[in-house]
2 protein chains.
Amino acid sequence: MTCPSRVRVVEVGPRDGLQNEPVIVPADVKVALIEALAGAGVTTIEAGSFVSPRWVPQMADTADVLARLRSMPGVSLPVLVPNLQGLDRALAAGVREIAVFGAASESFSRRNINCSIAESFDRFAPVAGAARAAGLRVRGYVSCVLGCPYEGDVSADAVAKVAAALLAMGCYEISLGDTIGTGTPREARQLIERVAADVPIDRLALHFHDTYGQALANILACLDLGVSVVDAAVVGLGGCPYARGATGNVATEDLVYMLDGMGIETGIDLHALARAGQSISRHLDREPASKVARAMAATADP
Amino acid sequence: MTCPSRVRVVEVGPRDGLQNEPVIVPADVKVALIEALAGAGVTTIEAGSFVSPRWVPQMADTADVLARLRSMPGVSLPVLVPNLQGLDRALAAGVREIAVFGAASESFSRRNINCSIAESFDRFAPVAGAARAAGLRVRGYVSCVLGCPYEGDVSADAVAKVAAALLAMGCYEISLGDTIGTGTPREARQLIERVAADVPIDRLALHFHDTYGQALANILACLDLGVSVVDAAVVGLGGCPYARGATGNVATEDLVYMLDGMGIETGIDLHALARAGQSISRHLDREPASKVARAMAATADP
């Protein structure tokens, strides 16, 4: 195993995680979560989104959350932006980085954002262009890279095509999402090998959901290809409201535990991370969907 | 990844899994579980143990369970045997295979079986010898191979020494147990590389607990070394009563799902396996500790 010596962990709990929570989490709780994650050493934290509040009421207070956050030098706080109206709101909020998203599956694209993949690019390209013209960094997401809840298999060629389009649009990084968590290690590895033929591997990130318990194994299978950016959500927050049975992102604690054990630096203090997770779990009144979090709590380790 | 084309899954749920359940599971439920597992295609199922009923009351009915099982040609049903009295009971029950166990940690050996590692071998060697003389196959377990709840780190040399002793005692296979589930992939791989210097790799099995969510990744890290036997427990049953916070074995469903996805044959029907897991979960009135089981139930897949 010739893994990278350092992995950058992108924490998506405050957005991809919380967005599916049915009960609105107050802005001060979101602020405390983001600040606790930054305090634990996370340097990229997806802080919210400027989508329609009717679509995602949980994210309606993103501007308020951003305004309340203390200054955190060295921490990137990307927000998800689906269109030019969203970009305007992001710019008004002083955002420095946005994320745009496409799907590798036509059916998912139509059901999730009500347009074809090609149409979604007609929509996102002006957003990415205007954002870059305003000096913002743009991160791209591709969903359904290892399977679609409606179509089943998704070809690695289709993923590579969408990823390359996002790169051409100016995305500094493209995060490949196993949205429904059905992927297994060999497929994950073959996918990265295929996409890396069209997009430099140092521009790729892994975004794997743990619905079938495969996320860490899938990440491991890709690490020695040279991928060194991994998305995760503290206490495994999140999921996909459009995919039945699709539970959360891989838990950040479980990922950091594995990387720590492998001698791969993340800059994250696992104990401080676990405390951030305990706090949001208490607020949500829920057991953490992180085995490391549960084991540390059981041994009173943090 | 040059993984084996076939993996033999050793199901340990009916013994290693159930033994820690505080409420006694009736013999007919154990029989139904074992028969359902065999029906799903599992060819090695740890069926019980002949330890003192005062130590492990849950296993007091092993002879009764074995007597009630229908004939299942091609299925091995090892039972755990700690001493010559246990072997006598196993022989009386018509057992064809037993398992003996040692620890790679002195502290764990003393606290778990109240003797040193060396003394444990003085105890097990006659058991293994008598079993083989009676025509039985003997499987060996080594616990604490990637960490001890009392000592912390355990050296790969210590594990190799115990594994080699079990081999010398006549064990046809030695199962290496990460009893507290603290191991990570690089350590797991390095351990197997070290032990394989003293014990042929086709005699080794992986027995990893999922306490820290690392089990599948650890298994993956070892597969391409040539290990092709993996222990698991349906719905992640089990744990270690002597290690605080140590939860169950890797779930058989999660393991089989990964192997299926990688094109590695197990001979196990995942849907039939999931039904066996649903049944015991209903009896225990517990959510399965298997993400695959939960995802399949959510999508009404089985």
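Rules behind the numbers
- Residues numbered from 1 in each chain as written.
- Chains lettered and ligands numbered in written order.
- Predicted model: local features only at pLDDT ≥ 70, side-chain atom pairs only at ≥ 80, totals over all residues.
- Heavy atoms only, no water.
- Least-squares fit on C-alpha atoms with pLDDT ≥ 70 in both.
- Contact = heavy atoms within 4.5 Å.
- Buried < 20%, exposed > 50% of the residue type's maximum accessible area, 1.4 Å probe, protein only.
- Helix = DSSP H or I, 4+ residues; strand = E, 2+ residues; numbered from the N terminus.
- Arc of directions from axis to C-beta.
- Buried area = accessible area lost by both parts, 1.4 Å probe.
- Salt bridge = Lys/Arg side-chain N within 4 Å of Asp/Glu carboxyl O.
- Polar contact = N/O pair within 3.5 Å; in protein donor to acceptor, adjacent residues only side chain to side chain.
- Disulfide = S-S within 2.5 Å.
- Core = buried A, V, L, I, M, F, W, Y, C linked by side-chain atoms within 4.5 Å.
- Expected span 1.5 Å × (residues − 1).
- Patch = residues over 30% accessible without salt bridge, like charges linked within 9 Å, V, L, I, M, F, W, Y side chains within 5 Å.
- Areas by Shrake-Rupley, 256 points an atom, 1.4 Å probe, with all protein chains shown as cover.
- Lys, Arg positive; Asp, Glu negative; His and termini not counted.
- Charge placed at Lys NZ, Arg CZ, Asp CG, Glu CD.
- Pairing = 2+ DSSP bridges.
- Right-handed = clockwise from strand over helix to strand, strands pointing away.
- Axes fitted to C-alpha atoms, helices over the stretch in contact; angles between N-to-C directions.
- Left-handed = near helix turned anticlockwise from the far one by under 90°.
- pLDDT = per-residue confidence, 0-100.

Attention shifts here to the relation of the copies chain A and chain B. Superposition of chain A onto chain B requires a rotation of 180° combined with a translation of 0.0 Å along the rotation axis, giving an RMSD of 0.0 Å. What the rotation and shift describe, once combined, is the action of a two-fold rotation axis. Residue A:Ala217, judged by its C-alpha, is the member of chain A lying nearest the rotation axis, at 2.0 Å. The residues that chain A uses at the interface reappear at the interface of chain B in 100% of cases, marking a shared surface.

Here we take up helix 5 (residues 106-113) of chain A. When helix 5 of chain A is considered as a whole, its buried residues turn out to be A:Phe108, A:Ser109 and A:Ile113. Burial along helix 5 of chain A is one-sided: seen end-on, the buried residues are contained in an arc of 100°.

Here we take up the environment of B:Ala158. Along the chain, B:Ala158 falls in helix 7 (residues 156-168). For the pair formed by B:Ala158 and B:Ala104, sequence separation is 54 residues and the distance between their alpha carbons is 5.8 Å.

Another point: the interface of chain A and chain B. If you look at the interface, chain A gives 31 residues, while chain B gives 31 residues. Summing the contributions of chain A and of chain B, the shared interface buries around 3000 Å²; its carbon and sulfur component is 59%. Here chain A is connected to chain B by 2 salt bridges. Note that B:Asp210 and A:Lys291 form a salt bridge whose closest N and O atoms lie 2.9 Å from each other. One can count 10 residue pairs in polar contact (both at pLDDT 80 or more) joining chain A with chain B.

Let us look at the state of the cysteines. All names here are of chain A. Summed over all chains, the structure comprises 0 disulfides over all chains. No disulfide involves cysteine 144; its nearest neighbouring cysteine sulfur is the one of cysteine 148, lying 4.6 Å away. Judged by relative accessible area, cysteine 144 falls into the buried class, the value being 0%.

Take the nonpolar core next. Among the nonpolar cores identified, the biggest contains 223 residues, and A:Ile98 and B:Ile98 are the most heavily contacted of them. Leaving out residues up to four positions away in the same chain, A:Ile98 has contacts with A:Val79, A:Val81, A:Leu87, A:Ala90, A:Val127, A:Ala131, A:Leu136, A:Arg137, A:Val138 and A:Arg139.

Time to look at helix 2 (residues 27-39) of chain B. For an α-helix, 3.6 residues make a turn, and residues three or four places apart therefore share a direction. Residue and element names in this part refer to chain B. For helix 2, built from 13 residues, the straight-helix expectation of 18 Å at 1.5 Å per residue is met to within 8% by its first-to-last C-alpha distance of 18 Å. When we look at burial in helix 2, the residues that qualify are Ala27, Lys30, Val31, Leu33, Ile34, Glu35, Leu37 and Ala38. As for helix 2, its buried residues are in contact with strand 1 (8-11), helix 1 (13-17), strand 2 (44-45), helix 3 (62-68) and helix 11 (270-284). Where helix 2 terminates, the next one or two residues include glycine 41, which has phi positive at roughly 110°.

On to a negative patch on the surface, then. All names here are of chain A. Together, Glu106, Glu119, Asp122 and Glu151 give the surface a local cluster of negative charge. For glutamate 106, the location among the structural elements is in helix 5. Judged by its relative accessible area of 35%, glutamate 106 is partly exposed.

What follows covers the pairing of strand 5 (residues 97-103) of chain A. Residues and elements named next belong to chain A. In terms of burial, strand 5 is largely enclosed, as 7 of its 7 residues are buried. Where burial is concerned, the two faces of strand 5 agree: the one with Glu97, Ala99, Phe101 and Ala103 and the one with Ile98, Val100 and Gly102 are both buried. Bridge count for strand 4 (residues 79-80) against strand 5 is 2 bridges, and the pairing is parallel. Across the sheet, leucine 80 pairs through a bridge with alanine 99, a residue of strand 5. Read as a crossover between parallel neighbours, the route from strand 4 over helix 4 (residues 84-92) to strand 5 is right-handed. One ladder, built from 7 bridges, connects strand 5 with strand 6 (residues 137-143); its direction is parallel. The residue of strand 6 that forms the bridge with glutamate 97 is arginine 137.

Moving on, we get to the environment of A:Leu91. Residue and element names in this part refer to chain A. Relative to the helices and strands, leucine 91 is located in helix 4. You can call leucine 91 partly exposed: its relative accessible area is 35%. Excluding residues that lie within four positions of it along the chain, leucine 91 makes contacts with Ala134 and Leu136.

Here we come to the packing of helix 9 (residues 215-223) of chain A against helix 9 (residues 215-223) of chain B. Look at helix 9 of chain A against helix 9 of chain B: their axes get within 7 Å of each other, and the N-to-C directions meet at 35°. As helix 9 of chain A packs across helix 9 of chain B, the resulting crossing turns out to be right-handed. Facing A:Leu216, A:Ala217, A:Leu220 and A:Ala221 of helix 9 of chain A, the residues of helix 9 of chain B in contact are B:Leu216, B:Ala217, B:Leu220 and B:Ala221.

So, on to the confidence of the model for chain A. A low pLDDT means the predicted coordinates there should not be read in detail. Residue and element names in this part refer to chain A. This prediction gives chain A a mean pLDDT of 93; 96% of its residues lie at or above 70. Ignoring residues within four places in sequence, the model shows residues 241-246, a span with pLDDT below 50, making 15 contacts including any to other chains. Predicted complex metrics record ipTM = 0.94 and pTM = 0.95.

A word on the pattern of salt bridges. Residues and elements named next belong to chain A. In the structure shown here, the tally under the stated rule is 30 salt bridges over all chains. Residues lysine 30 and aspartate 61 are paired through a salt bridge, measuring 2.8 Å at the closest nitrogen-oxygen approach. Here lysine 30 is found in helix 2 (residues 27-39), whereas its partner aspartate 61 is found in the loop between strand 3 (48-49) and helix 3 (62-68), with 31 residues between them in sequence. Judged by relative accessible area, which is 18%, aspartate 61 ranks as buried.

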